[in-house]
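Listed here are the chains, written in short residue letters.
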Amino acid sequence: MCFRHPDRPTGLSCSRCGRPACPECLRPAAVGQHCVDCLRNDGVQKSAVRPTFGDRGISPMVAKPMVASRPYATYGLIAVNLVIFAFCALQARGFDMIRSQLFVDWALVKPWVADGEYWRLLTAGFLHFSVTHIALNMISLYILGRDLEIAIGIPRYLGVYLTALLGGSAAVMLLGSGTAINAGASGAIYGLMGAVLIVVLKARVSPVPVITIIVLNLVLSVTIPGISLLAHVGGLVFGAAATAGILFLPQWVLPTGRRNPAAASRVGWIAIGVLLILAVAIGIGVGISYGNTHVLVG
């Protein structure tokens, strides 16, 4: 709720003091937007709450977002991916990951999912084919994740990440080849790109830079051989949809009198839950209906 107008729900906040404020109480600034009180006091409010992980104009956009002083969830995701990659490399005694038993057991391959190995819908998102593959994905994860954690909070951030990962797997299962071996965190990372786009739209700043980056990455997905465009598009759509459910859906479905932080939080989590169930249902449903195709891995 706006700190000057308690009857007005808002997802915006002052990038100087961090207090939630409605559009009427905010003014554009060089970085983000400042509330009228900060402008009136010309920065006198030194003790106001603000994100402690640097100051890039990023402010929480949800009530009680559970934001840490550092992007620990992003660090944790990077660490998990690196540990799994190192373990696969040790098993393979090199970087030919197909020689790793863990990689083979976790990679997303349609016929194996059809055999009931549904965990592959999730585990494939933590595997990588090469040093270059994991390096590019982890750098992207750090750049996108550190600010998104501040904007929507750690629990919702992890929810969006998981939704995008499973959404990418669902797209591969629905439209992908039966002989392809799919692995990588790219679907989840494209989901974070979609999430950043929704945050930018909510903040009412120009989305052109974010859209340009997304389009360029999709073009690379099409032009570079061996990249799963389906996982990228699926992750992008599910990640953007989950974030829209957090930031926009409450104001669309809740009556004015019921728009409070608790109700908005429930609506956001329901949106994430529905998308998670949809992604898993698509993946498992396609697996059940898939024919007896065999993949040779050597």
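Residues numbered from 1 in each chain as written. Predicted model: local features only at pLDDT ≥ 70, side-chain atom pairs only at ≥ 80, totals over all residues. Heavy atoms only, no water.

Now for the overall build of the chain. When helices and strands are tallied, the chain shows twelve helices and two strands. Per-residue burial for the chain yields a buried fraction of 48% across its 298 residues. Long-range contacts, defined as pairs at least 24 residues apart, comprise 67% of the intrachain contacts of the chain with a sequence gap of at least 6. (Helix = DSSP H or I, 4+ residues; strand = E, 2+ residues; numbered from the N terminus. Buried < 20%, exposed > 50% of the residue type's maximum accessible area, 1.4 Å probe, protein only. Contact = heavy atoms within 4.5 Å.)

Let us look at the packing of aromatic side chains. One pass over the structure, following the stated rule, counts five aromatic pairs. With 5.6 Å between their ring centres and 20° between their planes, Phe 248 and Trp 252 make a pair best called stacked. Accessibility expressed as a relative area gives 16% for Phe 248, which makes it buried. Within the aromatic cluster, the residues linked to one another by ring pairs are Tyr 72, Tyr 75 and Tyr 142. The ring of Phe 248 is capped by Lys 202, whose NZ or CZ atom sits 5.1 Å from the centre of that ring. (Phe/Tyr/Trp six-rings, centres within 6.5 Å; stacked < 30°, edge-to-face > 60°. Lys NZ or Arg CZ within 6 Å of the ring centre and 35° of its normal.)

Our focus in this paragraph is empty space enclosed by the protein. Applying the stated criterion across every chain yields a total of two cavities of 30 Å³ or more. Contributing to the lining of the second largest cavity are Ile 84, Phe 85, Cys 88, Phe 103, Phe 126, Leu 127 and His 128. With three residues, helix H2 (residues 72–92) is the single largest residue contributor to the lining of the second largest cavity. By residue class, the composition of the lining of the second largest cavity is six nonpolar, one polar and no charged. (1 Å grid on protein atoms, 1.4 Å probe; cavity = no way out; pocket = protein on both sides within 12 Å on 5 of 7 lines; lining within 4 Å. Points joined across faces, edges and corners; volume = space filled by probe spheres on them. Nonpolar A, V, L, I, M, F, W, Y, C, P; charged D, E, K, R; others polar.)

Before going further, it helps to examine the confidence of the model for the chain. When pLDDT is averaged along the chain, the result is 86; 87% of the residues meet or exceed 70. Of all secondary-structure elements in the chain, the lowest mean pLDDT belongs to helix H1 (residues 36–41), at 77, while helix H5 (residues 120–123) reaches the highest, 98. The low-confidence segment residues 293–298, where pLDDT is below 50, has 13 contacts with residues more than four positions distant or belonging to other chains. (pLDDT = per-residue confidence, 0-100.)

Look at helix H8 (residues 186–202) against helix H9 (residues 208–223): their axes get within 10 Å of each other, and the N-to-C directions meet at 160°. As summarised for this structure, H8 and H9 are arranged roughly antiparallel, according to the angle between their axes. Read as a crossing pair, H8 and H9 show a hand that is left-handed. Contacts between H8 and H9 involve Tyr 190, Met 193, Val 196, Leu 197 and Val 200 from the first element and Val 210, Ile 211, Ile 214, Asn 217, Leu 218 and Ser 221 from the second. Across the contact of H8 with H9, the residue classes tally to nine nonpolar, two polar and no charged. (Axes fitted to C-alpha atoms, helices over the stretch in contact; angles between N-to-C directions. Parallel < 35°, antiparallel > 145°, perpendicular 65-115°, else oblique. Left-handed = near helix turned anticlockwise from the far one by under 90°.)

Here His 133 shows up in helix H6 (residues 131–152). Within the local environment of His 133, its side chain forms a polar contact with the backbone nitrogen of Phe 129, the two atoms lying 3.0 Å apart. Every residue in contact with His 133, bar those within four places of it in the chain, is listed here: Leu 127, His 128, Ala 183, Gly 184 and Ser 186. (Polar contact = N/O pair within 3.5 Å; in protein donor to acceptor, adjacent residues only side chain to side chain.)

Positive phi is not limited to glycine here, since Arg 93 has a value of about 55°. Here Arg 93 shows up in the loop between H2 and helix H3 (101–106). Taking relative accessible area as the criterion, Arg 93 reaches 82% and is therefore assigned exposed. Its identity as a non-glycine residue notwithstanding, Arg 204 has a phi of 60°, on the positive side. Along the chain, Arg 204 falls in the loop between H8 and H9. For Arg 204, a relative accessible area of 64% puts it in the exposed group.

Moving on, we get to helix H12 (residues 261–289). Taking 1.5 Å per residue, 29 residues should reach 42 Å; H12 reaches 42 Å between its end C-alpha atoms and fits that length. When we look at burial in H12, the residues that qualify are Ala 263, Val 267, Gly 268, Ala 271, Ile 272, Leu 275, Ala 279, Gly 283, Val 286 and Gly 287. Measuring from the backbone nitrogen of Ala 262 back to the side-chain oxygen at the start of H12 gives 3.2 Å, which picks out Asn 260 as the cap. (Expected span 1.5 Å × (residues − 1).)

Moving on to the packing of H2 against helix H7 (residues 154–175). The interhelical angle for the contact between H2 and H7, taken along N-to-C directions, is 40°, at an axis separation of 10 Å. Considering their axes alone, H2 and H7 lie oblique with respect to each other. Contacts between H2 and H7 pair Ala 73, Thr 74, Leu 77 and Asn 81 from the former with Ile 154, Tyr 157, Leu 158 and Tyr 161 from the latter. Among the residues forming the contact of H2 with H7, the class breakdown is six nonpolar, two polar and no charged.

Turning our attention to a nonpolar patch on the surface. On the surface, a nonpolar cluster with roughly 310 Å² of combined accessible area is contributed by Val 222, Leu 229, Val 233 and Val 237. By residue number, the principal contributor to the nonpolar patch is helix H10 (residues 229–247), which donates three residues. Looking at the secondary structure, you find Leu 229 in helix H10. A residue is classified by how much of its surface remains accessible, and Leu 229, at 32% relative accessible area, is partly exposed. (Patch = residues over 30% accessible without salt bridge, like charges linked within 9 Å, V, L, I, M, F, W, Y side chains within 5 Å. Areas by Shrake-Rupley, 256 points an atom, 1.4 Å probe, with all protein chains shown as cover. Salt bridge = Lys/Arg side-chain N within 4 Å of Asp/Glu carboxyl O.)

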